[in-house]
Structures are given as C-alpha cells and as structure tokens.
Amino acid sequence: MPGANVAVMPTPSTDSSSTPRKTSLSQPERKYKCQFCNRAFSRSEHRSRHERSHTKERPFKCMKCRSTFVRRDLLLRHDRTVHAKDGGVPLHSDGKRRAGTKARNVSTPSKSGLAIDTSTLSEQIESSTEGVFDVETAAMLVADLHHKATAAMRDNGSPYDSSPAMSFTPTNPTMMDPAVAFPQAGTSSLPQTAPWDAFMSQSAPNAKAGSVASSGADSQQSFASASAGFKAPQVPNDDERNRIVDTIRAHDPDHAFLDGFRVPNLASLNRYLATYFGLFHHHLPFLHPSSFSPTETSPALLLAVLSIGALYAFDQDQAYMLHIGSKVLVNQFLQNKENFSSRKCPLWTMQSSLLNMIFASWSGDPKGLEWACSIKSLLANMVAGNRYELKLRQDAREGKAPSRAEWVEDEGCRRTYYAVYIFFGLMTLTYNHTPAISFNEFEDLQLPSSEALWNSKVTDDAAWQGFLDSVPSLTFMAAHDNLFQGETLKYSAFATRVMINALFLEVWYHKRSPEALQDVVTEYKLRLALETWEKSLELCEPEIDAVPLSSPHNSHHPLIFNAKALFRNARARLEVDLKAVQEALRYHDHYEVAAAMSNARDRVKRSSEMLKVIQECYNCIETAVRHGVRWVARTSPTNWSIEHPLCGMDLMITLTLWLYRLEHDEEAATEEEMTMYHKVRMLFEQESESSLGSQQLSSTVARLWGSMLDEVVVWGITRLMGEAFRLHSQALVGYVDDVEASSNVSTPSMISQGADEESVY
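What counts and how
- Numbering of residues starts from 1 in each chain and follows the order in which that chain's sequence is written.
- In keeping with the predicted nature of the model, local features appear solely for residues at pLDDT of at least 70, side-chain atom pairs appear and are counted solely at 80 or more, and the whole-chain, interface and lining totals rest on all residues.
- Note that the side-chain values use all heavy atoms of the structure and ignore hydrogens as well as water.
- In this description a helix means any DSSP run of H or I spanning at least four residues, a strand means any run of E spanning at least two, and both kinds are numbered starting from the N terminus.
- Only protein chains enter the calculation, and the probe is 1.4 Å; a residue is then buried if its accessible area is under 20% of its type maximum, exposed if over 50%, and partly exposed in between.
- Salt bridges, as used here, are contacts in which a Lys or Arg side-chain nitrogen is within 4 Å of a carboxyl oxygen on Asp or Glu.
- Between N-to-C directions, angles span 0 to 180 degrees; the directions come from axes that are lines fitted to C-alpha atoms, helices contributing only their stretch in contact.
- Relative orientations are named as follows: roughly parallel for angles under 35 degrees, roughly antiparallel for angles over 145 degrees, roughly perpendicular for angles from 65 to 115 degrees, and oblique for any other angle.
- Crossings are classed by handedness, with left-handed meaning an anticlockwise turn of the near helix from the far one by less than a right angle and right-handed meaning a clockwise turn.
- Contact between two residues is taken to exist if any of their heavy atoms lie within 4.5 Å; hydrogens are not considered.
- Polarity classes work like this: nonpolar for Ala, Val, Leu, Ile, Met, Phe, Trp, Tyr, Cys and Pro, charged for Asp, Glu, Lys and Arg, and polar for all others, with Gly in that last group.
- Multiplying one less than the number of residues by 1.5 Å gives the expected span of a helix.
- To get the bend at a given residue, fit one axis to the seven residues ending there, fit another to the seven starting there, and take the angle between those axes.

Caption draft 1: Highlighting the environment of glutamate 451. The residue glutamate 451 is located in helix α16 (residues 451-454) in this model. A relative accessible area of 2% places glutamate 451 in the buried class. Glutamate 451 sits 106 residues away from histidine 557 along the chain, and the two C-alpha atoms are 9.2 Å apart.

Caption draft 2: Just the pattern of salt bridges, in detail. Within the structure shown, the criterion is met by 28 salt bridges. Of the charged contacts in the structure, one is a salt bridge between glutamate 411 and arginine 415, with a shortest N-O distance of 2.9 Å. You can see glutamate 411 and its partner arginine 415 sitting in helix α15 (residues 404-431), 4 residues apart, about one turn around the helix. One exposure class covers both glutamate 411 and arginine 415, and it is buried. Several salt bridges converge on common partners, so that one network encompasses Glu523, Arg527, Glu575, Glu609 and Lys612.

Caption draft 3: Highlighting the packing of helix α18 (residues 476-484) against helix α19 (residues 493-512). Contact geometry for α18 and α19: axes closest at 11 Å, N-to-C directions at 60°. Considered as vectors, α18 and α19 are oriented oblique to each other. Every pair of crossing elements has a handedness; the one defined by α18 and α19 is right-handed. Taking contact as the criterion, the partners of Phe476, Ala479, His480, Leu483 and Phe484 in α18 are, on α19, Val498, Met499, Ala502, Leu503 and Glu506. Split into classes, the residues belonging to the contact of α18 with α19 amount to 8 nonpolar, 1 polar and 1 charged.

Caption draft 4: Fine view of helix α24 (residues 608-627). With 20 residues, α24 should reach 28 Å at 1.5 Å per residue; the first-to-last C-alpha distance of 29 Å fits that figure. The largest bend along α24 reaches roughly 30° and is located at isoleucine 621. Burial in α24 covers these residues: Met610, Leu611, Val613, Ile614, Glu616, Cys617, Tyr618, Cys620, Ile621, Thr623, Ala624 and Val625. One or two residues past the end of α24 sits glycine 628, with phi positive at roughly 100°.

Quick look at the structure:
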C-alpha cells in the first residue's frame, strides 16, 4: 500500500499534534550503520531489526503455534488474526496493549499524553518493513508506542483448582520411574488455545477456517451436541470429583506423588474427558465409552486418559502432571504386588501403561522415548499373559455364547491387545525399533468388532444376542491368509487398521532380511497382499455414525483414514529404505534428522517402480493441499491422528529428494517423470492461484510440509519433524554451489550445468 495512504493518529498532546512536521526538521543523527548495506539508523535496535532482513533471523516466536517472525508487531498481528477465535489467552504484550486501549476509551483524556516522535516512528516503520507496509502495521506501531507507559498486567488464573493439595514425597526411582517428567525441549507449555474449531459441521467441509469458540462447560456442551449421538463420559458434580480424589489417595499407600500434585477441577476434568473421547479415542478405540465411569475406573487409567485429554486441550502442564501421576500408581501396583505374574495383571495396568507409553513416545523428548522403550517387554508380557487368561475363560464356556457383559469384557481385552500391537508398529515405523509383538501372538484371536457393535447401548439380552449373531467373526490368521491368497474380506474398521499393521511389519521384516534383494517371491506376495487389502476397503462399513470428527475421511471411519496412511508408507518402503532418518529421530535432534534426510538422496532411485511410490507421495500431500494447507495445519493436529505425520514423513522425504533429482540430475527426465513432476507443480499452483515461478519445487514441498507440522502442536514429535523439514528445505536450495544458478532451476528441463556433484551431499 502506498505510504501516502497511511494516516498517523494524532496524540493527546497538544504540542505534538498541532506541529507534526517540526520534528522532521531536527532528525537525530543516524550513526548506526548496517554491516551489510549502506543504510543507517539513529537507534541500534532499528539497525538490528533491519539487519534481520539480511540474516533471515526470526527471533519472535508465537507461544501458541510456534510460528516465528522477524518483528514483534507481526507476531502481535498473527496472534490477533490467527488465534483470535481460538479462545486462548492473548499474548502477554498484546494483552497489555489491549488493556491500555480499553482504559483510554472509558476514561477522561490523560493530562500528559505519551509524546510520539513521528520521525522515529517513520524510521521504525521504514526499518521494520523495508518500505512495504500497510495501515495495520502503522496503527499497531503507534498504538504500541502510545500505551507502553500505561499497560496493565493481565491476571492469569492457575491451571490447578483450589482444592486442598494432595502433597506427597517422591520415592526413589523404580523400573517405571515416576519422577521423570518429559518437557519438550525449549518450551515451558503448550499454546493455550482451544481446539474447538476442529468440531466443524460435516455439512460444511469447505469452511476451512471456521471455528466454534467455547471453553469449559460451554465447550463440552458444544462438543456433545455435535457428536452425532456419541457422548463422552463426564463427572457430574464436585462430590463425584471428591470421590476420585479419595480413590487416588487410597491407591497411593507409599505417598509417592510429587509435591504440588492437584486433581483438576470439575470443569477441567470434564473438558479433558471430552477431548480424549472426542479427539483421541476414535483413532484407537480400545476403551468402552458406555461403561467407562470416571469414579469407578482405576485411578491410574483415569489419570492416563486425562493426561492425553489435557494435551488435546492444550494444557501441557496439567498433562505432564497427570501423566506422572498415572505412572506413579501403575508403578506402585506392580512393585507392591506379591508374586508378580503377567497372567494376573488386570486389564487396566495394560491400558494405563499403553497410554503412558503413547504420551511419552510422541512427547518430543528423547527421555520419554527412552522410558517407553524400557518397559516395552513388560507390556508385551502383560498382553501375552492376559491373552492366555482370555482363552481359558472362553474355553470354560464350552461353546456357549457370552452374555453382553462377558462379551464387553472379552472385546475390551482384544481391542487392548491390538491397540498395543498397533502402537508397537508405529514405534517400528518411526524409530526403526524391532517389533515387540509378533503377529503369531494373535493366530486364533478374533479381530475387533465393528464400532457400531462396540458402542451399542442395547441392554435387552435377546436383542443383544440377535445383534451379536448377525455379525460375522473372523480370526486374525484367517484374515492374514486370505490377504496373501488375494481374497478380499469384509471386516470392521478397527480390523482393517490391525491388518495393515501386520502387512507393514511383514514389509519391514522383509526389507531387513539379508535375502531381501534376491527374494522376489516374498516381495510379489507382499505386493499382492497390499493390493488385496486396498480392495477390501470397499467392503468396509463407513461407521461414521459413531464419530464426531470432521476431516477428509471420505465418509470413512478415522481408523480407515489412518490405515490408508500406513498403507501408503508400506508401499513406499518396498522401494525406499530411510533407516538412517528413523534412527536419527530416536535422539530428537532436528539438525541430525535434517542431515539424515539430506544424505538419503542416493536411496531415492529414478525408475518406473519409483513412480508408483511418488504417486503415493502425491496422494499423501494432495489431501492437505486440496483442503487448504492453512486449514489442515490448524485442524489436523486435533482432528487427525498422530499416525499421519508419522506415516507421511518417509513419503515427503522421498518426494522432495525425487523432485530434487529431477531438477538437478544430468540425466534427462523421462516423459513419465515429467508428467508426474508437472502434476505436483500444478497441484501447488492451482491451489495457491499463483505461479511458483523460479522456486524449486523440492524445497517448496519440504517447506510447506514442515510449516504444516508445527502450526498447531498437540504431540511434540511433530514440532521436531517440522523443524527438520524446514532445515531440509533450506538444504535443498543450498545443495547447488552457484546460488544464482540454483534460483533459476525450476523444472527438470532446466538442468543445472557444472554443479559439483561431490559437494551436493
């Protein structure tokens, strides 16, 4: 916008407003010179701000989504525009500025207004925007200067309730060390924004930035009304909450809780339950919502549920406190249990440990991952022992159909075993960890039922029995054999997720075997099984009635949406092995991860089979681009599962390196490669309504994916991946020695000549 259109607001000071031009006659000496160009400034901070345009430094970070900015006013504008409807606390400095504005509007004019040096202001605008600024920028600068002297501190409430403290002294560390907290590196808390904008109506999928602003009890009511008949368990009153407090005390005979532990207040308890069952549960539905009672369930399991619910409510401090509390209770149970046996462990110990391991593994801190790995074998043994007890119970019925209560108990066990199996599969996918449970563990175990049956509220025994008899039962091994024989099957959404986990792990085992290169028969069978699994998706029931989430599931259950993400990853792994990247992820250093990404270029071949992998990569990123990158970045962390960024990482690395090779390899691109390249480029240009020009597509894709991962963070691991992709994006541009030549390389037909290939990686 032209500078002539910017109106500087007059100040209350009579002198400065009546003679606005006089200050320009005595401008201060500009003695601070830029070390990169000929510009000079009267104040050192203005020079520093200007020099960031050369160094690309972005020191101002948003504490709500971790976006970074060159200037503080841009951070404030970002907070007002992007997070205005999130229902969160304004940024501290922005809150002070708004408080000052309100006070000025309702009070009489100040006797001594804050004088504004308009020449300094003009210089500040000039230095901060490099000659390109707008009315909003100028207005924010003026308002900020005007209210610096009168800003009021905003009173932030405590995240804990005011009930009497449950104060305990920590004990010595044990095998499930409860004293270890896993704060994310470089952060003190998650952004205080509310995730309720994710609960958009399914009838308006194109409302990309819509939100439902609510909090506390209002948020829970909005959620309940939008959940299509699904209602999260709730704590009805403070008396019931006090029962929970007493139960937790009773289960802590060693007084091992950390000092300062508080049970959340009633509103927070219900909010965390709503976010767990509304946002997390549908991606791994092993708990039974209808029978889950917060006051009757084991306190260790309740705290584990609340900890993940608190993550989705962006209350990180509470989340970690609840997580540690759950670990304390599980640990005490295992330590104090005489004659420990995995067969005698109740189901809640497995469920609590599973949720705590999920929390720790995706926390974004390597200490959490180390702890989770230390008890993998323990959890696997619990599954084996409990499954044996389940078989004995079923055999004791001698073929008699179970009652509804018996079936719910048995199905809860099966779903928990499979949930552990899926989680261990994700650990293998992300960190290249050897699977802790083999599929042979589940040979004759029935696959999970449909979500409709699992969530059914039918209480009449006769009606229930008829409902159960109408649902076909299928064992894990029968489904496995059918897939490898090319025979499609109809099974539930959860079973679909279980079977693609089994196929992914078989691909992993195959690629890790010494005979993999010569074993074409096994590879052919794996490809056939994956194709059969994909065809079987058409037979799956949508089961959308039980799901309140609104995201591009194509009328399918989130479990199927997640399964397709893993399917794409399994297909890619038959061609590309990025083991070095996965192993670097274990240590959570984004520089090391980015370096491993860059060094993987030689693993991405150019072949006809690779084109099929690139098509899967295209399918992965198309969903985000078609629905709007900004909208997906803000809603997917809560609406989609953690599996999408985990599964998509290999695909996006493969895609960016393949694009880079086409842009820089001396070998000319084939017609099929050119078609795929332009297909990817057109996707971005059509959705952005502008040409990418001379930008390298490989770097553009990496930068976009990285910015999308850490726009809104629920799980800390996504921020780590986002930072690694941003570094990878910069490296893709910096690979070519000649920067000017690099900026001109935009398509495979414009191959860089004379680049030193030895310096590329």
